[in-house]
Amino acid sequence: MSLAAFSLADKNALVLGASSAIGRAAACALAEAGADVAVGSTLATPREQEAVLTCRDAIQSQGRKSLARTIDAANEADVQALVEQTHSELGTLDILVNAHDLPFAKPLRDISSKEWCRVLEVNLTGVYFACRAAADPMLAQHSGRIINIVSLLGERGMINGSAYCAAQGGVLNLTRALALEWARSGITVNAVGAGWTEGMGLLKDTAVQEQLRRYLPQKRLAQPSEVGEAAVYLASDVAGFITGQTVWLEGGALSHL
Amino acid sequence: MSVLDKLRLGGKTALVTGAGRGLGRAMALDLAEAGADIIVASRTQNQIDETAALVRTQGRRSLAVRVDITDSHSINAMIEAGRAAFGQIDILVNNAGGATKGMFRPLDTIPDTHWHMGVDTNLSGAVYCCRALLPSMVEQGGGKIINITSGFGVRAAKNNYMYTAAKAGLINFTRALAMNYAEHNIQANLILPGIFPHDDPELIEFWRGGKFIPVGRVGQDAELGPACVFLASNLSNYMNGQMLALEGGGLAGGQAPCGFAPVVPLEEDSV
Ligand SMILES: NC(=O)c1ccc[n+]([C@@H]2O[C@H](COP(=O)([O-])OP(=O)(O)OC[C@H]3O[C@@H](n4cnc5c(N)ncnc54)[C@H](OP(=O)(O)O)[C@@H]3O)[C@@H](O)[C@H]2O)c1
């Protein structure tokens, strides 16, 4: 093996939720590793539009092809259209990263059914839409890499996290089920597990960040790049025997009693 | 620095136990390919000499050291020899291990000696290596530990006791390392290999078509190398106490036989 085996040159990727810190880092890392990368937002808002356009520019400035589309990740038609656009403009779809993320935390009794459904739709159902849309080109070419970004809340509970934890846990187990379903179709389905990361939607409060720094074995939060870059490894040819797994980058958080 | 440059291990020294053959050799050669000098250790001199020679043909330095990982004195001597040759050891791969005498036997027929041999080979050896090396890793400001567990470390099998207990113990030992050494910039993680029959014709025949493996094939030794490079490199600096499983999907399932695929549409009155 030479290190070139990790390269993603000649591969095409789509990153949903490239408007978030980790999604953007994953998109840029894939491009740095040689892939052309299309990006989509989590929400169809002006702020997120700005974010995905900036991400697209960053990818293009690395000399890679890119395109950006402002979508609502819970909108089936939006997601389908972006997958199709990626396929037609870049030529193939080899790598799908589902990094879209709608942070939310509230006591269960205060959660309206509308909020509950929205959190589940964006964070979980959106992954289903994207996987289903990506399956067409990936099954046809008998190869593909699907990488779902989840957080510690996919694996562990948290006060006020019921809706978010349910959605993220859903993504993790969807990852396992789909890995089995497509195991003989050349598609691997894995997750990157993000520890507490700078810029995460749930960590806007700096006091909360301090509390976590003290608690974490590694005594610091992750940089978004440290999480996003793991997608490069899972997306590469050398990771072909890994499927249904989660690669956690969490500074020892999950080892803590 | 580009993301791919973070994989480079130039200037680092790795110690790989059980590198005389099999997965250990494959990992040693890829660590060397990524730029590391390699200390190759096991009990069988001609096998470690051969791996060391292969490392040298890749342009890296290498030292073959005989060790019995069930003996902590032997391990301490190995670490000393490695340090004497290379100054410091940055990466430790605890790979030596595997089947020991009486591995598949009913519990009531396992003598103490077999139990101890199984646990010493697959757990204590890694513990002794970490114990001997960690103080200097702390002193040098960081390091990487990579422990090789097994599917048997997370799931059980008929008449398999000491291997399964030892490999499971290795997993939580690795978490303990993460808890205690994270502050010293040391990351300890695991690789979980699935079925890697090497070049054994009987095993290859038995697993032909990838029976019982979701992806429908066994692993190639060479596939483990890149995983080891990933865990030894700066690309995994925030991964600690974790496991990277290369096993073709088996662990994603495990409540029914491989290939179990019922189809159950919603009843009309339930939509
Ligand atoms: N192959 C698989 O399918 C598989 C699956 C899951 C996990 N694993 C694990 O992966 C590791 C490597 O397995 P492998 O299949 O490559 O095994 P292998 O081909 O039998 O090689 C094992 C290596 O470990 C060394 N070793 C064993 N006992 C030792 C001792 N007491 N002291 C020093 N060295 C010792 C052996 O050298 P000497 O005998 O010459 O000392 C050899 O170099 C093991 O920990 C195994 O449990 C393997």
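Residues numbered from 1 in each chain as written. Chains lettered and ligands numbered in written order. Predicted model: local features only at pLDDT ≥ 70, side-chain atom pairs only at ≥ 80, totals over all residues. Heavy atoms only, no water.

Undergrad: Would you mind going over the state of the cysteines with me for this structure?
TA: Two cysteines joined by a covalent bond between their sulfur atoms form a disulfide. All names here are of chain B. Considering all chains together, one arrives at zero disulfides over all chains under this definition. Sulfur of Cys129: no disulfide; nearest cysteine sulfur belongs to Cys130 and is 6.9 Å away. According to the relative accessible area criterion, Cys129 is buried, its value standing at 0%. (Disulfide = S-S within 2.5 Å. Buried < 20%, exposed > 50% of the residue type's maximum accessible area, 1.4 Å probe, protein only.)

Undergrad: Help me out: how do you make sense of empty space enclosed by the protein in this one?
TA: Take a probe with the size of a water molecule and roll it over the atoms, and the empty space left behind shows itself. Residue and element names in this part refer to chain B. Applying the stated rule across the entire model yields two cavities of 30 Å³ or more. Within this model, the largest cavity holds a volume of roughly 70 Å³. What lines the largest cavity is a set of 14 residues, and nearest its centre among them are Asn94, Asn95, Ala96, Thr121 and Ala126. Breaking the lining of the largest cavity down by element, the ones donating at least two residues are helix H4 (112-140) and helix H5 (162-181). Considered class by class, the residues forming the lining of the largest cavity number seven nonpolar, six polar and one charged. Space inside the second largest cavity adds up to approximately 40 Å³. (1 Å grid on protein atoms, 1.4 Å probe; cavity = no way out; pocket = protein on both sides within 12 Å on 5 of 7 lines; lining within 4 Å. Points joined across faces, edges and corners; volume = space filled by probe spheres on them. Helix = DSSP H or I, 4+ residues; strand = E, 2+ residues; numbered from the N terminus. Nonpolar A, V, L, I, M, F, W, Y, C, P; charged D, E, K, R; others polar.)

Undergrad: Could you clarify how one ought to interpret the interface of chain A and chain B in this entry?
TA: The extent of an interface is frequently quoted as the accessible surface area lost upon association of the parts. Across the boundary between the two partners, chain A contributes 42 residues, which contact 49 residues of chain B. Interface of chain A and chain B: buried area, both sides summed, is about 3,800 Å²; carbon and sulfur atoms make up 64% of it. The largest per-residue losses of area from chain A upon contact with chain B belong to Met1(A), Leu3(A) and Phe241(A), which jointly make up 22% of the total buried on that side. Counting across the chain A and chain B interface gives one salt bridge. Notably, a salt bridge pairs Glu229(A) with Lys6(B), separated by 2.8 Å at the nearest N-O pair. For the pair chain A and chain B, the number of links is 14 residue pairs in polar contact (both at pLDDT 80 or more). Within the side of chain A that touches chain B, the residues separate by chemical class into 22 nonpolar, 12 polar and eight charged. (Contact = heavy atoms within 4.5 Å. Buried area = accessible area lost by both parts, 1.4 Å probe. Salt bridge = Lys/Arg side-chain N within 4 Å of Asp/Glu carboxyl O. Polar contact = N/O pair within 3.5 Å; in protein donor to acceptor, adjacent residues only side chain to side chain.)

Undergrad: Please clarify how the sheet that holds strand E6 (residues 187-194) of chain A should be interpreted in this entry.
TA: Either a parallel or an antiparallel arrangement is found when strands of a sheet pair, and the pairing is made through backbone hydrogen bonds. All names here are of chain A. In space, the seven strands of this open sheet follow the order E3-E2-E1-E4-E5-E6-E7, with parallel pairing throughout. With partners counted over all chains shown, the strands left at the sheet margins are strand E3 (66-69) and strand E7 (246-249), one partner each. Strand-to-strand twist in this sheet, taken as the mean axis angle between neighbours without regard to direction, amounts to 15 degrees. Bridge analysis of strand E1 (residues 12-16) against strand E4 (residues 95-98) gives four bridges, and the strand direction is parallel. Looking at E4, one finds that Leu16 is bridged to Asn98. Set on the sheet, helix H5 (residues 162-181) makes contact with strand E5 (144-151), E6 and E7; between it and E5 the angle comes to about 155 degrees. (Pairing = 2+ DSSP bridges. Axes fitted to C-alpha atoms, helices over the stretch in contact; angles between N-to-C directions.)

Undergrad: Looking at this structure, I do not really get the packing of aromatic side chains. What am I missing?
TA: Two aromatic rings are characterised by how far apart their centres lie and by the angle between their planes. For the structure shown, the criterion picks out seven aromatic pairs over all chains. Look at Phe206(B) and Trp207(B): their rings are 5.2 Å apart centre to centre, the planes differ by 90 degrees, and that puts the pair in the edge-to-face class. Taking relative accessible area as the criterion, Phe206(B) reaches 45% and is therefore assigned partly exposed. The class of Trp207(B) is buried, set by a relative accessible area of 16%. When the ring of Trp207(B) is compared with that of Phe212(B), the centres are 6.0 Å apart and the planes differ by 90 degrees; the resulting orientation is edge-to-face. Phe212(B) gets classed as exposed once you look at its relative accessible area, which sits at 55%. Members of the aromatic cluster, connected to one another through ring pairs, are Phe6(A), Tyr233(A) and Phe230(B). (Phe/Tyr/Trp six-rings, centres within 6.5 Å; stacked < 30°, edge-to-face > 60°.)

Undergrad: Looking at this structure, how should I read the pattern of salt bridges?
TA: Side-chain pairs of opposite charge can arise where the charged atoms are in close proximity. Residue and element names in this part refer to chain A. One pass over the structure, following the stated rule, counts 17 salt bridges over all chains. The partner of Arg64 in a salt bridge is Asp36, and the shortest N-O contact between them spans 3.3 Å. With a gap of 28 residues between them, Arg64 in the loop between helix H2 (46-61) and E3 and Asp36 in strand E2 (residues 36-40) connect regions that are remote in the sequence. One salt bridge connects Asp57 with Arg56, and the closest N-O pair in it is separated by 3.3 Å. Bridged by salt links that share partners, the residues Glu198, Glu210 and Arg213 form one connected network.

Undergrad: How should I be thinking about the sheet that holds strand E7 (residues 243-246) of chain B in this particular structure?
TA: Residue and element names in this part refer to chain B. Read from one edge of the open sheet, seven strands run E3-E2-E1-E4-E5-E6-E7, paired in parallel fashion. Two strands bound the open sheet, and with one partner strand each, they are strand E3 (62-66) and E7. Mean inter-strand twist for the sheet, computed between neighbouring axes without regard to direction, equals 15 degrees. Examined bridge by bridge, strand E4 (residues 91-94) and strand E5 (residues 143-148) share four bridges and lie parallel to one another. Directly across from Ile91, in E5, lies its bridge partner Lys144. On the sheet, helix H3 (residues 72-86) packs against strand E1 (13-17), strand E2 (37-42) and E3 and is oriented at approximately 160 degrees with respect to E3.

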